[in-house]
Amino acid sequence: MTRTEDPRTARQGAVRARGRTTLAQRNARSGLLLISPTVVIVVAVVLVPLVWSVLIAFQRVRLISVGRTGLFENLTVANFARVFGSDTLWDTLLTTVVYTAGSTFLALVLGVSVALALRKPFFGRGFVRAAMLIPYVAPVVAVTFVWKVLLNPEFGIVNSWGRRLFGWEDPVAFLSQARGEISLFGLDVPVPTALLTVIVFEGWRYFPFVFLFVLARLQAVPGELEEAATIDGATPSQRFRHILLPQLMPILAVLVVLRTIWTFNEFDDIFLLTGGAAGTEVVSIRVYELLTVQRNVGAAAAQSVFLAGVLVVLLGIYVWLLRRRNGGQA
């Protein structure tokens, strides 16, 4: 004989199921209500301007007529043909890649070096650690002004010290000289002076960001590992290579991607230092010139869309690295 279910029990179970479903739906509606202001802000501030920029990239729009142009008027790919057919794009893209790679590498080297130097206790360590953050937290207008004064070829202290200590015959225009020459083993080697200067500035300005992350990771490394390696006769370089560096590699990989994305999109530092002159014109400066100098909104939007595509690829790499670090979970 089969056991029949009590109708009363079945009704009670159905009521409980309906109650749970209703509670879940209520929670879902409450969650949607709570995040709706954020969704509205994101749509209004991010998505709408993004879609509008993409539409403008396919239109012949000048700055004077941008307010009178409809959303779907005169669609064309001429802006992209002009952007991709110009040698300026590829020159600025190469400059951007060199600038991004050089400043990211320099920021990593400085950040790791300073973090290693300041990880051990000493008198005044807290003050020194706080002082290391000054380049990162100081206003960009202030620090660029200080650098322009220091590097001035007429009264800058860098050229003054260079003449006294290194015997420079002529002052170096660090921010306005596109090409210089240095003598190595009797050979005159060309040097992109202004580009190297802005790379050094970028690495100096953002190494505290790397310093903070690396120092936090170093504080979590067990001291017993280095003590055991020291007892076994490992040198400082061997301890760094075989103990500390493997511990730092995951965070360094994330920092490389983040700094690459942010530096590739950098505008204000170079604009305030050189204005994009002397071989320092990057992609973002080119977009600014298309918009404000040539008043060509369509071409500027087309190059902005191209720049956004490159950043999306870099962001995808960052998400992939983050998922690998978290064991394949998003």
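Preceding this paragraph is the structure being described.
Residues numbered from 1 in each chain as written. Predicted model: local features only at pLDDT ≥ 70, side-chain atom pairs only at ≥ 80, totals over all residues. Heavy atoms only, no water.

**Remarks on the overall build of the protein**
Tallying secondary structure elements over the protein gives 13 helices and two strands in all. Buried residues in the protein amount to 34% of all 330 residues. Sequence separation of at least 24 residues holds for 62% of the intrachain contacts in the protein that already meet a minimum separation of 6. Carbon together with sulfur atoms contributes 67% to the accessible area of the protein, which is approximately 20500 Å² in total. (Helix = DSSP H or I, 4+ residues; strand = E, 2+ residues; numbered from the N terminus. Buried < 20%, exposed > 50% of the residue type's maximum accessible area, 1.4 Å probe, protein only. Contact = heavy atoms within 4.5 Å. Areas by Shrake-Rupley, 256 points an atom, 1.4 Å probe, with all protein chains shown as cover.)

**Thoughts on the packing of aromatic side chains**
The tally for this structure, following the rule as stated, stands at 14 aromatic pairs. Consider the rings of Phe-58 and Phe-80, whose centres lie 4.9 Å apart with planes at 45°: the pair is tilted. A residue pair is termed long-range when its members are at least 10 positions apart, and Phe-58 in the loop between α1 (7-57) and α2 (78-85) and Phe-80 in helix α2 qualify at 22 residues. Judged by relative accessible area, Phe-80 falls into the buried class, the value being 15%. With centroids separated by 5.9 Å and ring planes inclined at 45°, the aromatic side chains of Phe-201 and Trp-204 adopt a geometry described as tilted. Taken together, the positions of Phe-201 and Trp-204, both in helix α8 (residues 193-219) and three residues apart, correspond to about one turn of that helix. (Phe/Tyr/Trp six-rings, centres within 6.5 Å; stacked < 30°, edge-to-face > 60°.)

**Concerning the side chain of Thr-274**
Looking at the element boundaries, Thr-274 is found in the loop between α11 (268-273) and α12 (283-292). A residue is classified by how much of its surface remains accessible, and Thr-274, at 13% relative accessible area, is buried. Polar contacts involving the side chain of Thr-274 include one to the main-chain amide nitrogen of Gly-276, which spans 3.2 Å. A distance of 2.6 Å separates polar atoms of two side chains, one belonging to Thr-274 and the other to Thr-280. (Polar contact = N/O pair within 3.5 Å; in protein donor to acceptor, adjacent residues only side chain to side chain.)

**Focus: unusual backbone geometry**
Phi is positive for Ala-278, which is not a glycine, with a value near 60°. When you line up the elements, Ala-278 lands in the loop between α11 and α12.

**Concerning the pattern of salt bridges**
With the rule as written, the count across this model stands at two salt bridges. Between Arg-259 and Glu-202 there is a salt bridge, and its shortest N-O distance comes to 3.4 Å. With Arg-259 in helix α10 (residues 236-264) and Glu-202 in helix α8, this pair connects stretches of sequence that are 57 residues apart. Comparing Arg-259 with Glu-202, the two get one shared label, buried. The salt bridge partner of Asp-269 is Arg-205, with a shortest N-O separation of 3.8 Å. You can see Asp-269 sitting in helix α11 and its partner Arg-205 sitting in helix α8, a full 64 residues away along the chain. The exposure classification of Asp-269 matches that of Arg-205, with both residues buried. (Salt bridge = Lys/Arg side-chain N within 4 Å of Asp/Glu carboxyl O.)

**Notes on the nonpolar core**
Counting 45 residues, the largest nonpolar core has Phe-211, Val-214, Leu-252 and Leu-255 as the members making the most contacts within it. Within the residue set of this core, elements represented by two or more residues are α1, α2, α3 (87-117), α8, α10, α12 and α13 (297-325). Examining the composition of this core, we find that 11 residues originate from one element, α13, more than from any other. Contacts of Val-214, omitting those with residues within four sequence positions, involve Val-112, Ala-115, Leu-248, Leu-252 and Leu-255. (Core = buried A, V, L, I, M, F, W, Y, C linked by side-chain atoms within 4.5 Å.)

**Let's talk about the packing of α3 against α10**
As a packed pair, α3 and α10 sit with axes 10 Å apart at the nearest point and diverge in direction by 145°. In the packing of α3 onto α10, the handedness of the crossing is right-handed. Residues Leu-93, Thr-96, Tyr-99, Thr-100, Ser-103, Thr-104, Leu-108, Val-112 and Leu-116 of α3 lie in contact with α10, whose contacting residues are Phe-240, Leu-244, Leu-252, Leu-255, Val-256, Arg-259, Thr-260, Thr-263 and Phe-264. Tallied by class, residues from the contact of α3 with α10 come to 11 nonpolar, six polar and one charged. (Axes fitted to C-alpha atoms, helices over the stretch in contact; angles between N-to-C directions. Left-handed = near helix turned anticlockwise from the far one by under 90°. Nonpolar A, V, L, I, M, F, W, Y, C, P; charged D, E, K, R; others polar.)

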